[in-house]
Amino acid sequence: MEITTTKEHWENVFANKPENEVSWFQPYPKTSIEFIELFNIPLDANIIDIGGGDSHLVDLLLEKGYQNIWVLDISENALARVKKRLGEKAAKVHWVVSDVIDFVPKVQYDFWHDRAAFHFLTTDENINRYVSIAEKGIKTNGVLILGTFSETGPTKCSGLEIKQYSETSMTSRFELSFDRVKCIAEEHQTPFNTIQSFLFCSFKSVRNPQCDIVLLGIFC
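How each quantity is defined
- Residues numbered from 1 in each chain as written.
- Predicted model: local features only at pLDDT ≥ 70, side-chain atom pairs only at ≥ 80, totals over all residues.
- Heavy atoms only, no water.
- Disulfide = S-S within 2.5 Å.
- Buried < 20%, exposed > 50% of the residue type's maximum accessible area, 1.4 Å probe, protein only.
- Helix = DSSP H or I, 4+ residues; strand = E, 2+ residues; numbered from the N terminus.
- Pairing = 2+ DSSP bridges.
- Right-handed = clockwise from strand over helix to strand, strands pointing away.
- Phe/Tyr/Trp six-rings, centres within 6.5 Å; stacked < 30°, edge-to-face > 60°.
- Lys NZ or Arg CZ within 6 Å of the ring centre and 35° of its normal.
- Axes fitted to C-alpha atoms, helices over the stretch in contact; angles between N-to-C directions.
- Contact = heavy atoms within 4.5 Å.
- Salt bridge = Lys/Arg side-chain N within 4 Å of Asp/Glu carboxyl O.
- Core = buried A, V, L, I, M, F, W, Y, C linked by side-chain atoms within 4.5 Å.

### Description of the state of the cysteines
- Using the criterion set out here, one finds 1 disulfide in the structure.
- Its sulfur unpaired, Cys 157 is 19 Å from the next cysteine sulfur, which belongs to Cys 201.
- Residue Cys 157 is classed as buried on the basis of its relative accessible area of 7%.

### Quick look at unusual backbone geometry
- You will see that Asn 40, though not glycine, has its phi angle at about 50°, which is positive.
- Here Asn 40 is to be found in the loop between helix H2 (30-38) and strand E1 (46-50).
- We classify Asn 40 as exposed; its relative accessible area is 64%.

### Points about the pairing of E1
- Burial analysis of E1 places 5 of its 5 residues in the buried class, which makes it a mostly covered element.
- Where burial is concerned, the two faces of E1 agree: the one with Asn 46, Ile 48 and Ile 50 and the one with Ile 47 and Asp 49 are both buried.
- One ladder, built from 5 bridges, connects E1 with strand E2 (residues 68-73); its direction is parallel. Within E2, the position partnered with Asp 49 by the bridge is Val 71.
- With respect to chirality, the unit in which E1 leads through helix H3 (residues 57-64) into the neighbouring parallel E2 is right-handed.
- With 4 bridges connecting them, E1 and strand E4 (residues 109-115) associate as parallel partners. Bridge pairing in E4 places Ile 47 opposite Phe 111.

### What to know about the packing of aromatic side chains
- Across all of its chains, the model carries 17 aromatic pairs by this definition.
- Judged by centre distance (6.1 Å) and plane angle (80°), the ring pair of Trp 112 and Tyr 130 falls under edge-to-face. Here the residue Trp 112 occupies a position in strand E4, and Tyr 130 occupies one in helix H5 (residues 124-137), the gap between them amounting to 18 residues. Grouping residues by exposure puts Trp 112 and Tyr 130 together as buried.
- In this arrangement the basic side chain of Arg 115 is found over the ring face of Phe 198, its NZ or CZ atom lying 5.1 Å from the centre.

### Focus on the sheet that holds E1
- On the basis of which strands lie adjacent, the open sheet formed by 7 strands has the order E3-E2-E1-E4-E5-E9-E8 and mixed pairing. Looking at which strands have only one partner, the edges of the open sheet turn out to be strand E3 (93-97) and strand E8 (178-189). When strand polarity is set aside, the average angle formed by the axes of neighbouring strands in this sheet is 15°.
- Across 6 bridges, the pairing between E4 and strand E5 (residues 138-149) is parallel. The residue bridging His 113 from the neighbouring strand is Ile 145, located in E5.
- This element, helix H4 (residues 76-86), spans E2 and E3 of the sheet and lies at about 160° to E3.

### Let's talk about the pattern of salt bridges
- Following the criterion strictly, the structure yields 11 salt bridges and no others.
- One salt bridge in this structure joins Asp 124 and Arg 173, with 3.0 Å as the shortest N-O distance. Note that Asp 124 is positioned in helix H5 and Arg 173 in helix H6 (residues 167-174), a separation of 49 residues in sequence.
- Here Asp 124 falls in the partly exposed class, since its relative accessible area comes to 48%.
- What you see here is one network of salt bridges that share partners, running through Glu 19, Asp 59 and Arg 85.

### So, the pairing of E8
- Bridge analysis of E8 against strand E9 (residues 195-205) gives 11 bridges, and the strand direction is antiparallel. Opposite Asp 179, over in E9, you have Lys 204 as the bridge partner.
- The loop that links E8 with its antiparallel partner E9 comprises 5 residues; one of these, Asn 193, has a positive phi angle of about 60°.

### A look at the nonpolar core
- Counting residues in hydrophobic clusters, the biggest one holds 38 residues, and the most contacted among them are Ile 36, Ile 41, Val 58, Ile 69 and Trp 95.
- Elements with a minimum of two residues in this core: helix H1 (6-16), H2, H3, E2, H4, E3, E5 and E9.
- For this core, the leading source of residues is H3, giving 5 residues.
- Filtering out sequence-adjacent residues up to four positions away, Ile 36 remains in contact with Ile 41, Leu 57, Leu 61, Tyr 66 and Phe 111.

On their own, these measurements won't tell you what the molecule is for.
Right, dumping it as structure tokens:
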């Protein structure tokens, strides 16, 4: 069957490829955990992993005692794999099957994590929709972590076009509502012993657009 939609593409990937046969696999998400430690995220914080797939980040968050964890992915197959791996612990997690550009957050998040989902958005329309959702979904002073392929990284992933980023180009997308805190480069070794160059940047939300009503002079 011809794959015609983004959702069908990812459902097919997670239905047919084991976790250690996809390029993004990492048994321990070192950089992501380091950012959680850097910002000293409390155990009762609302944390969401955007495009989490079958990442092992949720396992580590549960081990560390985090209580309010969401994992969002477009693929139901991906989340089913994580739930099976976690067993009874899966009941402690909020699972969201959605394309991120269609996501309507039910809570505001203290920590919004995205490793390699944002760079699949290649049109200004979809990028702007993501930014708008993040602005509304992240608390004032909340943290946004984005990991994308850098300007020296791949131009495709899983057969799909991606958008590369530099510190400057990533920051410019979020500068209206977020202050950049720290960016680091990561050389990710794939299961196939190749290297992918990533850029991770952290941001803090400096305002909540839901409160920014200029005509009434109301600001948060």
